[in-house]
Amino acid sequence: MPTSVISVDRLGKRYGSTIAVDDVSLEVYQGEIFGLIGPNGAGKTTTMECVQGLRKPDRGVISVLSLDPQRDSSELRQRIGVQHQEAHLQKRIKVWEAVDLWSSLYRKTVDPEALLTRLGLESKRNAWFMTLSGGQKQRLFIALALIHQPEVVFLDELTTGLDPQARRAIWGLITDIRAQGTTVFLTTHLMEEAERLCDRVAIIEHGRMLEMGTPADLVQKHCPERRVVFTSEGPGLAERLKEVPAIQSIASDGSTHTLRGEGDDFVTDVISAIASVGIRVRGFRTEIPTLEDVFLKLTGHGIRD
């Protein structure tokens, strides 16, 4: 069995009459990237802050590295790294000064120069915070979260507002963090980000847990349909393919034909069927469901910003 480093059992948190988190339970295992995903306002950040010990839950039991985040907060701070969604630094603090300041908060730290080099910030060590790009600021926040070589790092909406190039650079850094043996617990409302990075995800909406599992398993469970779309001028295509068991339906619009079916072998079966009946294809593409399709099916609406 994998080792559990975070355990949350029936977590609840409300603000007045507003229920922010309602009966959330989850496990995060050592060495994985775990994503808490859902739209803004779903309760992701509140859940993460309760797990970190920054907020006191109204009910539920939380354990992080076998510690109670409320009772053992001082010890836990030395073993986890935290990057906050709304993190800010003084405009005129230099990169090396920020890293040096954070280093003073912990009993043991890594080599700061090596860390800046690892995160691609060595050329910016003397730059003021206010002169950094969005991606560079996020990399600095990651550096501050990793300065004491934590066992678990928390990343909250890390790539929100970044351009695609900067976002993919951050994704590479997160993957590298996990490769170094650190467990990553992140929140995001970007389904592509979760699908690319996470070993497992938990979908949360209106403070409640809807589903949890690997992205592939959730897609297979809730959106098993696969589609193949191809163009061909051949006559009578529906008749020639209707006997193929893997194909559940065929829809044609002029020379464009859409085949629907289920299963991991559906696309392969369609290609074999097209070849076996001698259909000449001019264009061909597959349409595979994603985590966003799963979220749409579970909630009845798309991701809101």
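Residues numbered from 1 in each chain as written. Predicted model: local features only at pLDDT ≥ 70, side-chain atom pairs only at ≥ 80, totals over all residues. Heavy atoms only, no water.

A. Inspection of the sheet that holds strand β4 (residues 59-64) at higher detail. Here three strands make up an open sheet; going across it, the order is β2-β1-β4 and the pairing antiparallel. Unpaired on one side and paired on the other, β2 (18-29) and β4 mark the two borders of the sheet. Taken over all neighbouring pairs, the strand axes of this sheet differ in orientation by 15° on average, direction set aside. The sheet contact formed by strand β1 (residues 4-15) and β2 spans nine bridges and is antiparallel. Across the sheet, the residue bridging to S4 is Y29, located in β2. Across the sheet, helix α1 (residues 44-52) touches β1, β2 and β4, and the angle it forms with β1 is around 120°. (Pairing = 2+ DSSP bridges. Helix = DSSP H or I, 4+ residues; strand = E, 2+ residues; numbered from the N terminus. Axes fitted to C-alpha atoms, helices over the stretch in contact; angles between N-to-C directions. Contact = heavy atoms within 4.5 Å.)

B. Molecular detail of the pattern of salt bridges. This model, assessed by the stated rule, comprises 22 salt bridges. For E225, the salt bridge identified is with R260, shortest N-O distance 3.7 Å. Of the two residues, E225 is situated in strand β10 (residues 225-231) and R260 in strand β12 (residues 256-262); the sequence distance between them amounts to 35 residues. Taking the relative accessible area as the measure of exposure, R260 reaches 29% and is therefore partly exposed. Linked by salt bridges that have partners in common, R10, D22, D23, R59 and R208 make up one network. (Salt bridge = Lys/Arg side-chain N within 4 Å of Asp/Glu carboxyl O. Buried < 20%, exposed > 50% of the residue type's maximum accessible area, 1.4 Å probe, protein only.)

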